[in-house]
Amino acid sequence: MAGALVHRGLPLRVDFDEQGGTLRPLLAKPVFIAWPEVEFVCLTPTMERHPEGWREKTYTFLPKGFRSTLETSGHLWVELVVKDRRPILARTQGAWTRLWLTGRLRPMLDAMDAWKVDQSLIGLDLYRHRLNAPLDDLLDLLARHCRFDLVVHDF
């Protein structure tokens, strides 16, 4: 893989490389998150590595003919759970960028519904057609630096 994997979107551009991910919001300064700062990554739909490449995990309880958002529109929801948001916020420059990042970082709860003041989640809408490389390259990069796990949402 040469250079960074780039996901281009109007409100947010995200650059992924061997050091981490850089969030580049519209009208704000870039925010860098290093891989060691990431606790784990949650992918929706769940992806599995096979010898021929990455495939969406299939479940028997889904109705026959079910098609996911990845299959229909190339949409993959990536959630990065950061170990501690405080150093990221401390090095973020500019009031507008800090406000944007604070709004994007969602606090986490543990299994007993106790607040984890240091851990936060940031969700990224990624589309296959907006990546400058195959989706498999991005998933390989994430798998090299992060573990995949599950985030349970309580709405």
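All values reported here derive from a predicted model rather than from experimental measurement.

Among all positions in helix α3 (residues 95-104), only Thr97, Trp100 and Leu101 are buried. The buried residues of α3 all sit within an arc of 95° when viewed along its axis, so they share a single face. Structural note: α3 exposes Ala95, Leu99 and Gly103 on the side pointing more than 90 degrees away from its buried face. Elements that come into contact with the buried residues of α3 comprise β2 (12-16), β3 (20-25), β4 (31-34), α2 (85-91) and β10 (115-127).

Of all hydrophobic cores here, the largest spans 34 residues; its most connected members are Phe16, Leu23 and Leu124. Only β2, β4, β5 (38-44), β8 (75-82), α2, α3, β10 and α4 (135-145) provide two or more residues apiece to this core. It is α4 that provides the largest number of residues to this core, a total of five residues. Filtering out sequence-adjacent residues up to four positions away, Phe16 remains in contact with Ala4, Leu5, Gly21, Trp35, Leu124, Leu126, Leu138 and Leu141. In this structure, Phe40, Cys42, Met108 and Leu121 belong to the second largest nonpolar core, which totals six residues.

Here we come to the environment of Trp54. Along the chain, the position of Trp54 falls in strand β7 (residues 53-56). For Trp54, a relative accessible area of 11% puts it in the buried group. Taking the C-alpha atoms as reference points, Trp54 and Leu139, separated by 85 residues in sequence, lie 7.6 Å from one another. Residues contacting Trp54, with those up to four places away along its chain left out, are Met47, Glu48, Arg49, Asp136, Leu139, Asp140, Ala143 and Phe148.

This next bit is on the layout of surface pockets. Of the voids in this model, the largest pocket is the one considered here, and its volume is about 550 Å³. What lines the largest pocket is a set of 17 residues, among which Met108, Leu109, Val151, Val152 and His153 lie closest to the centre. Here the lining of the largest pocket is built from residues that sort into 10 nonpolar, two polar and five charged.

Let's shift gears to a nonpolar patch on the surface. Where nonpolar side chains cluster on the molecular surface, the patch consists of Leu10, Leu26, Leu27, Trp96 and Leu99 and spans about 650 Å² of accessible area. Of note, Trp96 is situated in helix α3.

Counting across every chain of the model gives nine salt bridges. In this structure, the salt-bridge partner of Glu18 is Arg144, at a minimum N-O distance of 2.7 Å. Within this pair, whereas Glu18 is found in the loop between β2 and β3, its partner Arg144 is found in helix α4, the two being separated by 126 residues in sequence. Residues Asp84 and Arg86 are paired through a salt bridge, measuring 2.9 Å at the closest nitrogen-oxygen approach. Of the residues examined, Asp84 reaches a relative accessible area of 23% and is grouped as partly exposed. Using a relative accessible area of 47% as the deciding quantity, one classes Arg86 as partly exposed.

Turning to the sheet that holds β5, a few remarks are in order. Taking strand neighbours across the sheet as the criterion, the four strands line up as β5-β8-β10-β9 in an open arrangement whose pairing is antiparallel. Of all the strands in the sheet, just β5 and β9 (106-109) have a single pairing partner and so form its edges. Between one strand axis and the next, the sheet turns through 35° on average, direction left out of account. Relative to β10, β9 runs antiparallel, the two being bridged by four bridges. Residue pairing across strands places Met108 opposite Lys116, the latter belonging to β10.

Below, the discussion takes up the side chain of His7. Within the secondary structure layout, His7 lies in strand β1 (residues 5-7). Of note is the side chain of His7, whose polar atom sits 2.9 Å from the backbone nitrogen of Tyr127. If near-sequence neighbours (up to four positions away) are discounted, His7 is found in contact with Leu12, Arg13, Val14, Asp125, Leu126, Tyr127, Arg130 and Leu131.

Scoring rules and cut-offs
- Residues numbered from 1 in each chain as written.
- Predicted model: local features only at pLDDT ≥ 70, side-chain atom pairs only at ≥ 80, totals over all residues.
- Heavy atoms only, no water.
- Buried < 20%, exposed > 50% of the residue type's maximum accessible area, 1.4 Å probe, protein only.
- Helix = DSSP H or I, 4+ residues; strand = E, 2+ residues; numbered from the N terminus.
- Arc of directions from axis to C-beta.
- Contact = heavy atoms within 4.5 Å.
- Core = buried A, V, L, I, M, F, W, Y, C linked by side-chain atoms within 4.5 Å.
- 1 Å grid on protein atoms, 1.4 Å probe; cavity = no way out; pocket = protein on both sides within 12 Å on 5 of 7 lines; lining within 4 Å.
- Points joined across faces, edges and corners; volume = space filled by probe spheres on them.
- Nonpolar A, V, L, I, M, F, W, Y, C, P; charged D, E, K, R; others polar.
- Patch = residues over 30% accessible without salt bridge, like charges linked within 9 Å, V, L, I, M, F, W, Y side chains within 5 Å.
- Areas by Shrake-Rupley, 256 points an atom, 1.4 Å probe, with all protein chains shown as cover.
- Salt bridge = Lys/Arg side-chain N within 4 Å of Asp/Glu carboxyl O.
- Pairing = 2+ DSSP bridges.
- Axes fitted to C-alpha atoms, helices over the stretch in contact; angles between N-to-C directions.
- Polar contact = N/O pair within 3.5 Å; in protein donor to acceptor, adjacent residues only side chain to side chain.

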